[in-house]
Amino acid sequence: MNRQAALRGIIVFIGLLLVWWLITFMGIPDFLLPSPAATAKALWTQRAYLAWNSLTTASEIVCGLVLGVALGMAVALLMISSPRLQRWLMPLVLTSQAIPVFAIAPLLVLWLGFGMSAKVMMAVLIIFFPVTSSFFDGLRRTNRDYLDLARTMGASQGAQLRHVRLMAALPALGSGLRMAAAVAPIGAIIGEWVGSSAGLGYVMLNANARMQSDVCFAALFILVLMTVLLWVTMDMLLRRLINWSEEH
Amino acid sequence: MKSPAIHVKDLGLRFGEHVVFDKVSFTLPAGKWVSLLGASGVGKTSLIRILAGLMPPTSGTITTSDGKPIAGRLAWMGQKDLLYPWLTIRNNIALSARLTGRRSDHQRVDALLSQVGLEGYGDQRPAALSGGMRQRAALARTLYDDKPIVMMDEPFSALDTITRTRIQALAAELLHDRTVLLVTHDPMEACRLSHQLLVLASASGGIDDSHVLEGAPPRAPNDHYLLHSQAQLLQQLVRANA
């Protein structure tokens, strides 16, 4: 990310804070909309509690991201390696997107318990489709001329996949990974809302029930920060890895 | 390296009811440069792709004078330079080694870089090079394995006139003694570089292989014989398209 982009991000952040701060002057009660100052105070006074729960959510997000990306890439590779497998797997990929995550969340908690696995599974479910579809699309759209050249050089199917298709699909996979980084926290938080004993979703639900809007906003602020940081890290990593692509 | 002649007999290609070409027969003489011309859509690219083993014909046979298959003895240059953007120029030149799990020959890559005038650019990515430089790198990649057969599908069409003229001369010099088939739309290019011309007509017209050029390519752009051959070729193309 260059300096200009960072500056734009900071300006947008300050602008949002300013709008939020101005709205709180319109006579809205604190329990409905706490001020930025009240939220900052909650962030400081509840720092240990928030830090511990942030760590739980962050672990769920990272685990979900790693598993979801690995699974999505594996399925895309399977689909490109065999048209027959593609015909069988495509409905599965579409189904994973068609199921509303809110509907499946209680079932996952029921099946996998209140622990981390249900939340990780939710993140996996939400990440799986963008990663699979973008990577498969990239693999499928590999320039035919690149593959022809490899074939005239005697490259095996495996070598074509490893050295040509996989590399040519990296920019498309990059788009899927950026999207995955942006939506992974949603999966984890939905999982925590449905049933958990730790995590930022749990903090929000608890604070909401006790009318502690400042704590709820503090948790929300951390979640936004976490998502932005995750996206920026992913973006920087991808820019470094795919620096040859015009699309990076 | 002994370059074989390639004999094409009764080659046909059809997609359903649509006949692209039928009963096409000709010979690519050993160690000579042959250019294939014809109007757009007559099947020049399909014909060269069949010869390169990239698609099957509907009918006909392709044999070589030494009885060995073309596969494994062929270097291919497509309509674009086809340099892989994720590899450096050096790795692009030694691409065949990477694709077939062999170690790349660094000395050979250096020698080729020098031959095509790209010393100092080996560690650059293709995006950092101009169109002409990229095409020279593609030429070096074509030469890396020292294959006796070279097939090129309009490789210089995207270049400006000056760069194209320079690369044509370089290609003619470096591909000397190989059996070369070049698909081109440019009569000047064909007459400048070839020993023989093939003109492919629409489905029923077959192929005209009667135009044999005298002397050794590359011919100078102002060569009287080249200009005469070019005029003849234009008439041939008009007849084939009639």
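Details of the overall build of chain A
Reasoning step 1: Across its full length, chain A carries 11 helices and 0 strands.
Reasoning step 2: Shown N-terminal to C-terminal, the secondary structure of chain A runs as helices and strands in the order α-α-α-α-α-α-α-α-α-α-α.
Reasoning step 3: With respect to the three principal axes, the spread of C-alpha positions in chain A is 70 × 45 × 30 Å.
Reasoning step 4: Sorting the 248 residues of chain A into buried and exposed places 43% on the buried side.
Reasoning step 5: Nonlocal contacts in chain A, meaning residues at least 24 apart in sequence, comprise 74% of its contacts between residues at least 6 apart.
Reasoning step 6: Per element, the accessible surface of chain A, about 13600 Å² overall, is 70% carbon and sulfur.
Reasoning step 7: Across chain A, the mean location of the 17 positive side-chain charges is 5 Å away from that of the 10 negative side-chain charges.

As for the side chain of T24(A)
Residue and element names in this part refer to chain A.
Reasoning step 1: Position of T24 relative to the elements: it lies in helix α1 (residues 3–24).
Reasoning step 2: Using a relative accessible area of 17% as the deciding quantity, one classes T24 as buried.
Reasoning step 3: Non-local contacts of T24, meaning those with residues more than four positions away in its chain, are made with L33, P34, S35 and P36.

Side note on the nonpolar core
Reasoning step 1: I127(A), F21(B), F26(B), Y84(B), M151(B) and L181(B) are the most contacted members of the largest nonpolar core, which totals 95 residues.
Reasoning step 2: Among all residues touching M151(B), those that are not within four sequence positions of it are I6(B), I48(B), L51(B), A52(B), L74(B), A75(B), W76(B), M77(B) and L181(B).
Reasoning step 3: Judged by nonpolar contacts, the second largest core, of 34 residues, contains L143(B), Y144(B), F156(B) and L175(B).

Thoughts on the sheet that holds strand β2 (residues 18–28) of chain B
Residues and elements named next belong to chain B.
Reasoning step 1: Pairing in this open sheet of 3 strands is antiparallel, and the strands run β2-β1-β4 from one edge to the other. Edge positions in the sheet fall to β2 and β4 (59–64), since each has one partner strand and no second. Averaged over all pairs of adjacent strands, the angle between strand axes in this sheet comes to 15°, irrespective of strand direction.
Reasoning step 2: Where strand β1 (residues 6–15) lies against β2, 7 bridges are found, and the strand directions are antiparallel. By the bridge assignment, I6 is partnered in β2 with L28.

Examining the confidence of the model for chain A
Reasoning step 1: Predicted confidence across chain A gives a mean pLDDT of 91, with 99% of residues reaching 70 or more.
Reasoning step 2: Within chain A, helix α5 (residues 101–112) of chain A has the poorest average pLDDT of any element, 86, and helix α3 (residues 47–81) of chain A the best, 95.

Description of the environment of D145(B)
All names here are of chain B.
Reasoning step 1: With respect to the element layout, D145 can be found in the loop between α5 (131–144) and β6 (149–153).
Reasoning step 2: Apart from the residues within four sequence positions on either side, D145 is in contact with S96 and R102.
Reasoning step 3: Within the structure, the side chain of D145 is placed 2.5 Å from the side chain of S96, a separation counted as a polar contact.

Digging into the environment of V194(A)
Residue and element names in this part refer to chain A.
Reasoning step 1: Locating V194 in the fold gives a position in helix α9 (residues 170–194).
Reasoning step 2: A relative accessible area of 33% means that V194 is categorised as partly exposed.
Reasoning step 3: C-alpha of V194 to C-alpha of L205: the two residues are 11 residues apart in sequence and 9.6 Å apart in space.

Describing the interface of chain B and chain A
A common measure of how large an interface is: the accessible area buried when the components associate.
Reasoning step 1: At the junction of the two partners, chain B supplies 19 residues and chain A supplies 18 residues.
Reasoning step 2: Here chain B and chain A share an interface that buries about 1900 Å² over both sides, 66% of which is from carbon and sulfur atoms.
Reasoning step 3: Our enumeration of links across chain B and chain A arrives at 1 salt bridge.
Reasoning step 4: Between D148(A) and R49(B) there is a salt bridge; the shortest N-O distance is 2.3 Å.
Reasoning step 5: On inspection of chain B and its partner chain A, the count reaches 6 residue pairs in polar contact (both at pLDDT 80 or more).
Reasoning step 6: Of all the elements in the fold, those that place two or more residues in the side of chain B that touches chain A are β5 (74–77) and α3 (95–99) of chain B.
Reasoning step 7: At 4 residues, α3(B) tops the list of elements feeding residues into the side of chain B that touches chain A.
Reasoning step 8: A breakdown of the residues in the side of chain B that touches chain A according to their chemical character gives 11 nonpolar, 3 polar and 5 charged.

Definitions and limits used
Residues numbered from 1 in each chain as written. Chains lettered and ligands numbered in written order. Predicted model: local features only at pLDDT ≥ 70, side-chain atom pairs only at ≥ 80, totals over all residues. Heavy atoms only, no water. Helix = DSSP H or I, 4+ residues; strand = E, 2+ residues; numbered from the N terminus. Buried < 20%, exposed > 50% of the residue type's maximum accessible area, 1.4 Å probe, protein only. Contact = heavy atoms within 4.5 Å. Areas by Shrake-Rupley, 256 points an atom, 1.4 Å probe, with all protein chains shown as cover. Lys, Arg positive; Asp, Glu negative; His and termini not counted. Charge placed at Lys NZ, Arg CZ, Asp CG, Glu CD. Core = buried A, V, L, I, M, F, W, Y, C linked by side-chain atoms within 4.5 Å. Pairing = 2+ DSSP bridges. Axes fitted to C-alpha atoms, helices over the stretch in contact; angles between N-to-C directions. pLDDT = per-residue confidence, 0-100. Polar contact = N/O pair within 3.5 Å; in protein donor to acceptor, adjacent residues only side chain to side chain. Buried area = accessible area lost by both parts, 1.4 Å probe. Salt bridge = Lys/Arg side-chain N within 4 Å of Asp/Glu carboxyl O. Nonpolar A, V, L, I, M, F, W, Y, C, P; charged D, E, K, R; others polar.

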